Amino acid sequence: MIVNPLRDPAWTCAPADAAVLGFHRALPGYAPTRLVELPELAGTVGAGRLYAKDESTRLGLPAFKALGASYAIHRAVHGGPATVVTATDGNHGRAVARFARQLGHRAAIFVPDGVHPAAVQAIHDEGADVTHVRGDYDTAVAAAATSCGGDRVLVQDMAWDGYEDVPRWIVDGYGTLFRELDEQLPGAPDLVVVPAGVGSLLQAALTHYRAAPAAVTAVMSVEPDSAACVHASVAAGHPVTVATRTTSMAGLNCGTVSALAWPSISRGLDACTTVTDAQAADAMRDLSACGVDAGPCGAAPLAALRTAPPPAGATVVLLVTEGRAANPA
């Protein structure tokens, strides 16, 4: 674990758009995902109270990505049928394909090496055209972006210079998760542990918990040790791209931090850490024993807490971002 040397305790940001929660509440099948207390595990990590925000069932899909994809397509695609395009390590692409189909659009999804065949098949089963790109996630993002034009609309959860509106809408969509959490907890948590890929969910967490002065909630990110772009960027003090290797935490296998997320990360993130596939697997088994269905990415926060224990007696929330069905690896 490293403590963020750029953390600015005085930094605040504008709150997320409150109307997004109303959008999600109007969707068929919407319900808040459950918050599960884990007394069996709290003592093992030194927490006073430990909770899991269980995203294994979200709008009919096994991961939180449905929140961002649904809202971004709603905002980005107008008029007649279009082809919604994205690159994915699995969950985002499936969510884009699902909501594109529900809204009467086509979907074209680009997947890099290392995505489990069952995850690819799940995207196919949503009716999407799937293109395998030889290379890593960044290579797939570039291929997806290059393919766009005409009626092809890119809905990518990573931002770069000149491409920021859609990723911002995705981050806004993720904000629903934290508004639910506010209603489910009796008070603000002391620590929230967030899995990080390109950093969009992390940006949503920081937007939520840094929108008011004197923030009381610390935020820690966790990544695979084989794809730790946030960790490397925080250590360097500026965004860096890292080489990645195959990991069971496929949804976090990203080599570059989103340009939109970095300003929030650099000033608002308290700490970051990495975990191994074996540590994530151990955490998966322990969460399963407590009745929480976690995939490798979703189990990473518990694994992180074991490498970087919280202050004694703290109230801690783990964002269990996916169920096992989202990532068969």
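Use the structure listed above.
In this convention, every chain numbers its residues from 1, walking through the sequence in written order. Residue-level local features of this predicted model are given only where pLDDT is at least 70; pairs of side-chain atoms are given and counted only at 80 or more, and the full residue set underlies all totals for whole chains, interfaces and linings. With hydrogens and water stripped out, all remaining heavy atoms of the structure feed into the side-chain values.

## Points about the overall build of the protein
Helix and strand definitions follow DSSP, with helices as H or I runs of at least four residues and strands as E runs of at least two, each counted in order from the N terminus. Scanning the protein for helices and strands turns up 12 helices and 11 strands. Its C-alpha atoms give the protein a radius of gyration of 18 Å, near enough to 20 Å, the size a compact globule of 329 residues would have. Seen through its principal axes, the protein has C-alpha atoms that stretch 55 × 40 × 40 Å. Here the protein, with 329 residues, has 58% of them falling under the buried criterion. Only the protein chains shown count as cover for residues, and the accessible areas themselves come from Shrake-Rupley with a 1.4 Å probe. Surface accessibility of the protein: about 12,100 Å² in total, with carbon and sulfur atoms responsible for 53%. Radius of gyration: over C-alpha atoms. The globule rule applied is 2.2 Å multiplied by the number of residues raised to the 0.38 power. Note on exposure labels: buried denotes an accessible area under 20% of the residue type's maximum, exposed denotes more than 50%, and partly exposed covers the range between, all computed with a 1.4 Å probe on protein chains only.

## Here's the deal with unusual backbone geometry
Leaving glycine out, the prevailing phi sign among residues is negative, and the prevailing peptide bond configuration is trans. The phi dihedral of L59 falls on the positive side, at around 55 degrees, and the residue is not glycine. Among the secondary structure elements, L59 is positioned in the loop between β3 (49-54) and α3 (65-76). Its relative accessible area of 12% is what places L59 among the buried residues.

## Some details on the pairing of strand β5 (residues 106-111)
Counting buried residues along β5, 5 of its 6 residues qualify, which places the element largely inside the surrounding structure. Alignment of strand β4 (residues 83-87) against β5, held across 5 bridges, turns out to be parallel. What sits directly across from V85, in β5, is A108. The parallel pair β4 and β5 is bridged by helix α4 (residues 91-102), and the resulting crossover is right-handed. With 4 bridges joining them, β5 and strand β6 (residues 129-132) adopt parallel strand pairing. If you follow F110 over to β6, its bridge partner there is T131. Between the parallel elements β5 and β6, the chain passes through helix α5 (residues 117-125) in a crossover that is right-handed. Paired strands are those between which DSSP finds at least two bridges. With the strands aimed away from the viewer, a crossover counts as right-handed if its path from the first strand over the helix to the second runs clockwise.

## Focus on the nonpolar core
In these notes, a set of buried Ala, Val, Leu, Ile, Met, Phe, Trp, Tyr and Cys residues joined through side-chain atoms within 4.5 Å is what counts as a nonpolar core. Counting residues in hydrophobic clusters, the biggest one holds 78 residues, and the most contacted among them are F178, L202, I265 and L269. Take this core: its biggest share by element is 8 residues, from helix α7 (residues 165-184). Among the nonpolar cores identified, the runner-up in size contains 35 residues, and L41, L252, M284 and L318 belong to it.

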